[in-house]
Amino acid sequence: MPDVSARSATLRDQFARHVAWTSDTPLGLTVERAEGPFLYLDDGRRIIDFISGIAVSSLGHRHPRVVEAIKQQVDRHLHVMVYGEFIQRPQVAFASLLAAQLPPPLQVVYFTMSGTEANEGALKLAKKYTGRTRLIGFERSYHGDTHGSLSVTGRAVYQDPFRPLLPDVTFLPFDDLAALSAIDEETACVITEPIQGEGGIRVPSERWMRALRQRCTEVGALLIFDEIQTGFGRTGRLFAFETFGVVPDVLTLAKAMGGGMPLGAFVSSPEIMATLRTDPPLSHVTTFGGHPVSCAAAHAALSVLLEERLPARAAEIGQRIRRTLRHPLIREVRGRGAMLGMELVRRDVTERVVGRCLERGVLLGWTLHSDTLVRLAPPLSIPLDVLDEALSIILDELNREEREQDEG
Ligand code: PMP
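Residues numbered from 1 in each chain as written. Predicted model: local features only at pLDDT ≥ 70, side-chain atom pairs only at ≥ 80, totals over all residues. Heavy atoms only, no water.

Asks: Mind laying out the layout of surface pockets, listing which residues take part and the relevant values?
Replies: Taken as a whole, the second largest pocket spans an internal volume of roughly 680 Å³. The set of elements that each furnish at least two residues to the lining of the second largest pocket consists of helix 4 (89-100), strand 4 (108-112) and helix 10 (270-273). It is helix 4 that contributes the most residues to the lining of the second largest pocket, five residues altogether. A per-class count over the lining of the second largest pocket returns 17 nonpolar, six polar and two charged. (1 Å grid on protein atoms, 1.4 Å probe; cavity = no way out; pocket = protein on both sides within 12 Å on 5 of 7 lines; lining within 4 Å. Points joined across faces, edges and corners; volume = space filled by probe spheres on them. Helix = DSSP H or I, 4+ residues; strand = E, 2+ residues; numbered from the N terminus. Nonpolar A, V, L, I, M, F, W, Y, C, P; charged D, E, K, R; others polar.)

Asks: Now, about the sheet that holds strand 13 (residues 362-363): what can you tell me, with residues and values included?
Replies: Strand order in the open sheet formed by four strands is 1-2-3-13, with mixed pairing between adjacent strands. At either end of the open sheet lies a strand with only one pairing partner, and these are strand 1 (31-35) and strand 13. Bridge analysis of strand 1 against strand 2 (residues 38-41) gives four bridges, and the strand direction is antiparallel. Across the sheet, residue Arg33 finds its bridge partner in strand 2, namely Tyr40. Its contacts with the sheet put helix 14 (residues 384-407) on strand 2, strand 3 (46-49) and strand 13, and the angle it makes with strand 3 is roughly 95 degrees. (Pairing = 2+ DSSP bridges. Contact = heavy atoms within 4.5 Å. Axes fitted to C-alpha atoms, helices over the stretch in contact; angles between N-to-C directions.)

Asks: Describe the sheet that holds strand 7 (residues 187-192), naming the residues involved and giving the relevant values.
Replies: Taken in spatial order, the seven strands of this open sheet run 4-10-9-8-7-5-6, and their pairing is mixed. Two strands bound the open sheet, and with one partner strand each, they are strand 4 and strand 6 (169-172). Averaged over all adjacent pairs, the angle separating strand axes in this sheet is 20 degrees, with direction ignored. Of the pairings in the sheet, the one linking strand 4 to strand 10 (residues 264-268) comprises five bridges and is antiparallel in character. Across the sheet, Tyr110 pairs through a bridge with Phe266, a residue of strand 10. Contacts from helix 4 reach strand 4, strand 9 (250-253) and strand 10 within the one sheet, and its direction differs from that of strand 4 by about 130 degrees.

Asks: Give me the site of the ligand: which residues, what numbers.
Replies: The environment of the ligand is formed by 13 residues, the closest being Gly115, Thr116, Asp226, Gln229 and Lys255. A distance of 3.5 Å separates a nitrogen atom of the ligand from a polar atom in the backbone of Tyr142. Between Gln229 and the ligand, the recorded distance is 2.7 Å, taken from a side-chain N or O atom to an oxygen atom. With the chains in place, 81% of the 390 Å² that the ligand exposes on its own is no longer accessible. It is helix 5 (residues 115-130) that contributes the most residues to the shell around the ligand, three residues altogether. The residue makeup of the shell around the ligand, split by class, is two nonpolar, seven polar and four charged. (Near = heavy atom within 4 Å. Polar contact = N/O pair within 3.5 Å; in protein donor to acceptor, adjacent residues only side chain to side chain. Areas by Shrake-Rupley, 256 points an atom, 1.4 Å probe, with all protein chains shown as cover.)

Asks: So what about the packing of helix 13 (residues 347-359) against helix 14? Which residues, and what values?
Replies: Axis separation between helix 13 and helix 14 bottoms out at 10 Å; the angle between their running directions is 135 degrees. Classified by the interaxial angle, the pair formed by helix 13 and helix 14 is oblique. Seen from above, helix 13 lies across helix 14 with right-handed handedness. Here Val349, Arg352, Val353, Arg356 and Cys357 of helix 13 lie close against helix 14, whose contacting residues are Ile393, Ile394, Glu397, Leu398, Arg400, Glu401, Glu404 and Gln405. Across the contact of helix 13 with helix 14, the residue classes tally to six nonpolar, one polar and six charged. (Parallel < 35°, antiparallel > 145°, perpendicular 65-115°, else oblique. Left-handed = near helix turned anticlockwise from the far one by under 90°.)

Asks: Please provide a residue-by-residue account of the nonpolar core, values included.
Replies: One finds Phe50, Leu98, Leu212, Leu325, Leu376 and Ile394 to be the most contacted residues of the largest nonpolar core, which totals 102 residues. In this structure, this core is formed jointly by two domains, domain 1 (4-62 + 309-407) and domain 2 (76-307), each of which donates at least three residues. Ignoring anything within four residues of it in the chain, the contact list for Ile394 reads Phe50, Leu325, Met342, Cys357, Leu364 and Leu376. Among the nonpolar cores identified, the runner-up in size contains eight residues, and Ala34, Leu39, Ile51 and Leu358 belong to it. (Core = buried A, V, L, I, M, F, W, Y, C linked by side-chain atoms within 4.5 Å. Buried < 20%, exposed > 50% of the residue type's maximum accessible area, 1.4 Å probe, protein only. Domains from an automatic or database assignment.)

Asks: Please give an account of empty space enclosed by the protein that cites residues and values.
Replies: Where empty space is left becomes clear once a probe the size of a water molecule has been rolled over the atoms. Throughout the structure, instances matching the rule amount to two cavities of 30 Å³ or more. Of the volumes computed, that of the largest cavity is approximately 80 Å³. Looking at the largest cavity, it is lined by 13 residues, and the ones nearest its centre are Ser58, Leu59, Ala256, Gly259 and Ala301. Of the residues contributing to the lining of the largest cavity, the split by class is eight nonpolar, five polar and no charged. Among the domains, domain 1 (4-62 + 309-407) and domain 2 (76-307) are the pair contributing at least three residues each to the lining of the largest cavity. By volume, the second largest cavity amounts to about 30 Å³. What lines the second largest cavity is simply Ala55, Ile201, Gln229, Arg234, Met339, Leu340, Arg375, Leu376 and Ala377. Where the lining of the second largest cavity is concerned, the elements lending two or more residues are strand 12 (339-344) and strand 15 (370-376). The class makeup of the residues in the lining of the second largest cavity is six nonpolar, one polar and two charged. Shared between two domains, the lining of the second largest cavity holds at least three residues of each, these being domain 1 (4-62 + 309-407) and domain 2 (76-307).

Asks: Go over the environment of Arg234 with me, naming the residues and quoting the values.
Replies: Looking at where Arg234 falls in the secondary structure, it is placed in the loop between strand 8 (222-226) and helix 9 (241-244). For Arg234 and Leu380, which are 146 residues apart along the polypeptide, the C-alpha to C-alpha distance reads 7.3 Å. One polar contact links Arg234 to Ser58, side chain to side chain, over a distance of 3.4 Å.

Asks: Tell me about the pattern of salt bridges, and name the residues and values.
Replies: Charged atoms that come close allow side chains of opposite charge to pair. Evaluation of the coordinates by the stated rule reveals 27 salt bridges. A salt bridge links Asp249 to Arg213; the nearest nitrogen and oxygen atoms lie 2.9 Å apart. Placement of the pair is Asp249 in the loop between helix 9 and strand 9 and Arg213 in helix 8 (residues 206-219), with a sequence separation of 36 residues. Both residues of the pair, Asp249 and Arg213, count as buried. A salt bridge links Arg356 to Glu401; the shortest N-O distance between them is 3.7 Å. One end of the pair, Arg356, is in helix 13; the other, Glu401, is in helix 14, with 45 residues separating them in the sequence. Look at Arg356 and you get buried, because its relative accessible area is 16%. Owing to a relative accessible area of 1%, Glu401 belongs among the buried residues under this scheme. (Salt bridge = Lys/Arg side-chain N within 4 Å of Asp/Glu carboxyl O.)

Given below as structure tokens:
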């Protein structure tokens, strides 16, 4: 029997040779187990997960109700038919529970497997429903990495290697009232995150959000809210659009929805969603969308989220984080609820602090579009003593950085 470290070395070697990487510097931690707010590594270390698998594990890892729902569904059936043909109890139960949380027009759920696939469906729905082709997105937005979603993602550095992308896409500056006049009668849809996540945790003004809604209504363009990252309690309400007092025509969801299982959805009105049934029938289909095990997990996860009032808890822990994280090396802590970004003064400081926090057992994250912003997105269920432990390690490392700067 090889010892533990030899086994780990073999695993790392196979990871390097056979599993595709997305950068030259993956974190490369070997996770043995995850429970609540903790990840447990092969070397025995316990890590506080302060990014929740990028806003997925809002209930913490392996919530017992979610695990139980998965087990029960596994014992009944796995995949049985392409999405939309059979009546599958977990899909119906979850769609009904979700619809009950949403305002009246948003009552029909089209299930997918991921966030980007939800946005693909929403864009196609808007084009077919309006008969228009023009798509409008915002600078520094992120909507996913498949061709359609990437086409409306507002960062050229991620688009350029893959051109040509979809034609007839216009980008407007985010949170800019004057720019909204570019939304016109040729526009099929406008897609935006209510709070930009990868773009640097940017919260727009309520005034702008209302004007955006009004402009879309005026010209007959569908308004799509991508709540893939903001949804399911992360920002202090079940959905971020509630905090702005506007309702989109289409809502896209994923990440935390599946309670740790892969699941996405786009949600719209009965009238708009009916577009995908005809001319031709089956004009948008997916094999695995709304997998029954994922839907069973999602039903349990949403039930727990509501029963344990986790959206309100997101607001509480967000306030606690903001109160605690005050330091000369922090420029700003911004965001809503427990979707926060801590902007540090410089890139090298950010890299060192994030690296040292990880060595001391706190996993912090980055956002795709910024070098100085640290993502803070702990599970909404994180116990206060664990939250405080993580915050004191972060502050400790900021103090150390300051000391070293003074000395150096
Ligand atoms: N939209 C937003 C706002 C996201 O944050 C993400 C993922 N970071 C996506 C879409 C894409 O989701 P997925 O990775 O599941 O395709």
